[in-house]
Amino acid sequence: MTDHSLIRRATIVVLGIELVCALALALTAIWHERLARLHALDVALKGRSDSLIGAVQDAEDPQDNVTVNAEEFSPMPDDEYAVYNPDGKTVSTSQGDLSAVALGQQDEFRNYRVGRRPYRVLQQHAMRIIDRFETKGVGLRRPVIVVYAVRSDRVWHEVMGATRFYVFLSLGSLSISAVVLIVLARRLLLPLNALARAASSIQPSTLQFDPPVSAITTTELRPLAEALTQTTARLRGAFESQRRFISDGAHELKTAVAVVRSTIQVLGMRTRSEDEYRDGLERVLNDHQRVEDLVSRMLTLARFDEMTTAFECDIDLCEGIGEIVGNLAAYAEANGIRLSTKDCSPGLKIRMSREALETLVSNLVMNAVQHSPRGSEVLVSAQAEGQTATLEVRDFGEGISQENLPRVFERFFREDPSRSRQTGGAGLGLAICKSIAEKGGGSIEIHSRKGSGTTVIAGFPCI
Amino acid sequence: MRVLVVEDELRLAENIATALRDGPGFAVDRSDNGEDALLACEAVDYDLLILDLMLPKIHGSKVLQLLRTRGCATPVLVLTAVSEVKSTIDLLNLGADDYMTKPFDLGELVARSRALIRRGKGVKQPLLIFAGLVLDSASQIVKANGHEIELSPTEFRILEYLMYHPKKVISKRELLEHLYDFAWEHHSNVIEAHVSNLRRKLRVSLEQTIVENMRGRGYRLSAQDEVAL
């Protein structure tokens, strides 16, 4: 894993684009400038060539030969020229290397290179008219070809000189925008840093997150700030319910232990008869049994709560129910209840461990049995409803009042406050069932009417 | 002395009640939820309230708060499962007089109950003294001029209640209310019989009548010289 800096990336991208633009600008300027300079060079070349022609025309020669009037024409240094007669014979030339001004095929501007020196060359025809007194003013016409060459490498120096300003300007603006970009990015990230600081200061004890105002008022950061706020709120809720479970559990456990202790102390308050001691020991044992039950139920609940993954094994719902209900038959009979399964569609498979299904079904059945009058019936059924397998446990007992119905899945909730009643239990049975149902990817609901019975329905996805 | 035990754990409430009855001989009523506890407190002037916190219907701390805002000054001993400092502070600020953390020692509960009742009556020392009569609540011994007097448990409780309120007229009704719990059949002639036995025993030992019978109004504990005035 390598670190990626968004700022570095953005800076590089922006500066790269700016550099490309600056380069394009500089190249365009150079190209344009070069065209202009070349044009100017051509104009100058034409001018000098014309003045050479002028010097040729003005040259007075007693023999009427074509010559160059040296007084009228002084070539620029490094310029080369040649004047030819129509036969191609050289009439007059400059002093230097004449290869650049060799006679070409036609009149034109052309480029020529001598060694490392480039030349711009103009060849043109001209007419030397010699007015002679003897011919009564009719001139003698002597055609000539003038080839003139100027060094064109200076044009590049001039182009560079002219465009250097633009190039430096581009580079300057490039560096300024780089600095501005870095400073701006730092400044823009201030709300993000503030948000990060606020997030890192979330305390596990309070799980309270107050996003900084700068983050909330920044459009791009608001979703992150809101997500953090909501996540901490969810975590707070989860921790709060965990904390409540621990505190309620501690209260239940300490109370149960207090019962055992106080029973022993009451027994030891004075000397008693053998029978009284025997009864007392019986009571201690009963009280102790309740501590054991409570501990085992809390551990069961904690185990299912702690399961991070769903169940990995499948179970045939009908087979499982048949077996579990068979095991509970004796218990139901002892309480005078007819326990039976009905409407069991075979082949319904759900994702759950055998142990979890047993805990679920036996909790529901035992609840139903405990809240049913002797002689009544408890029905267990399993059916498929579309893609859902439903497990239903129904009794015709005392029912649950409407005000308590929403709370029956709460931990340690008992409808009957006097816990010592046989039916009371620890108030964890349905909470355990709910935890199992949720871990099995399903849900659980309860319907009840005071006086006519209760139905608990757990639904699981079929596989 | 009459005590209300508010505890939803039936077995624990039973054991506390047994200990308070068998030990100091208090009359004990029980209540397993906050709502009933408030009603009971309105009906009877208890000498002590033993209050669990995790109660159905109305939470223990709410019960305490309601009682105090209604002006009830009965000493309250809170039973709690939490031993956090903060919740302890909250409890004491709400008006609890003492608290015990579960699981607790019954002997300690009884001793603290006695101390709370004594303090509730404005008495600081554990011995009640009146006109040569010394009553020790803890050991349940009464001495008149240094000699121990044999009293029945009910006689002792009547004398104890009178000695907590010396020189004050105590009606039969008040005596009944503080000496017997709801389970008891209220018969004022039972009190009369016990009081007359007590008067007789004290007269023999002290050679003066200190339990005065205010006809139609009740009883008053007073010394001989003051009666003469």
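Because the structure is a prediction, the values reported are computed rather than measured. (Residues numbered from 1 in each chain as written. Chains lettered and ligands numbered in written order. Predicted model: local features only at pLDDT ≥ 70, side-chain atom pairs only at ≥ 80, totals over all residues.)

It is worth spelling out the overall build of chain A at this point. Secondary structure summary: chain A contains 9 helices and 12 strands in total. Here chain A holds 463 residues, and the buried ones make up 26% of them. Counted over contacts in chain A with a minimum sequence separation of 6, partners at least 24 positions apart contribute 64%. (Helix = DSSP H or I, 4+ residues; strand = E, 2+ residues; numbered from the N terminus. Buried ≥ 20, exposed ≤ 12 C-beta atoms within 10 Å, placed from the backbone. Contact = placed C-beta atoms within 7 Å.)

Per-residue pLDDT for chain A has a mean of 86; in total, 96% of the residues score no lower than 70. Confidence drops under pLDDT 50 across residues 419-423 of chain A; counting only partners more than four residues distant or on other chains, this segment forms 12 contacts. (pLDDT = per-residue confidence, 0-100.)

A separate point is the nonpolar core. Core analysis: the largest hydrophobic core is formed by 114 residues, its most contacted members being V365 of chain A together with V3 and I50 of chain B. Counting residues per element, this core draws most heavily on helix α8 (residues 354-370) of chain A, which supplies 8 residues. Look past the residues within four positions of I50 of chain B in its chain and what remains in contact with it is V3, V5, V6, I16, L77 and L79 of chain B. Counting 24 residues, the second-largest nonpolar core is a separate cluster that includes A59, V66, Y81 and A100 of chain A. (Core = buried A, V, L, I, M, F, W, Y, C linked by C-beta atoms within 7 Å.)

Let's shift gears to the interface of chain B and chain A. With 22 residues of chain B in contact, the opposing surface of chain A contributes 20 residues. Those elements giving two or more residues to the side of chain B that touches chain A turn out to be α1 (10-22) and α5 (106-120) of chain B. Here the element with the most residues in the side of chain B that touches chain A is α1 of chain B; it accounts for 8 residues. Its residues assigned to classes, the side of chain B that touches chain A shows 11 nonpolar, 5 polar and 6 charged. (Nonpolar A, V, L, I, M, F, W, Y, C, P; charged D, E, K, R; others polar.)

Residue and element names in this part refer to chain B. When helix α3 (residues 60-69) is considered as a whole, its buried residues turn out to be G60, S61, V63, L64 and L67. Around the axis of α3, the buried residues are gathered within 155° of arc, so they sit on the same side. One or two steps after α3, the chain reaches G71, where phi turns positive at roughly 85°. (Arc of directions from axis to C-beta.)

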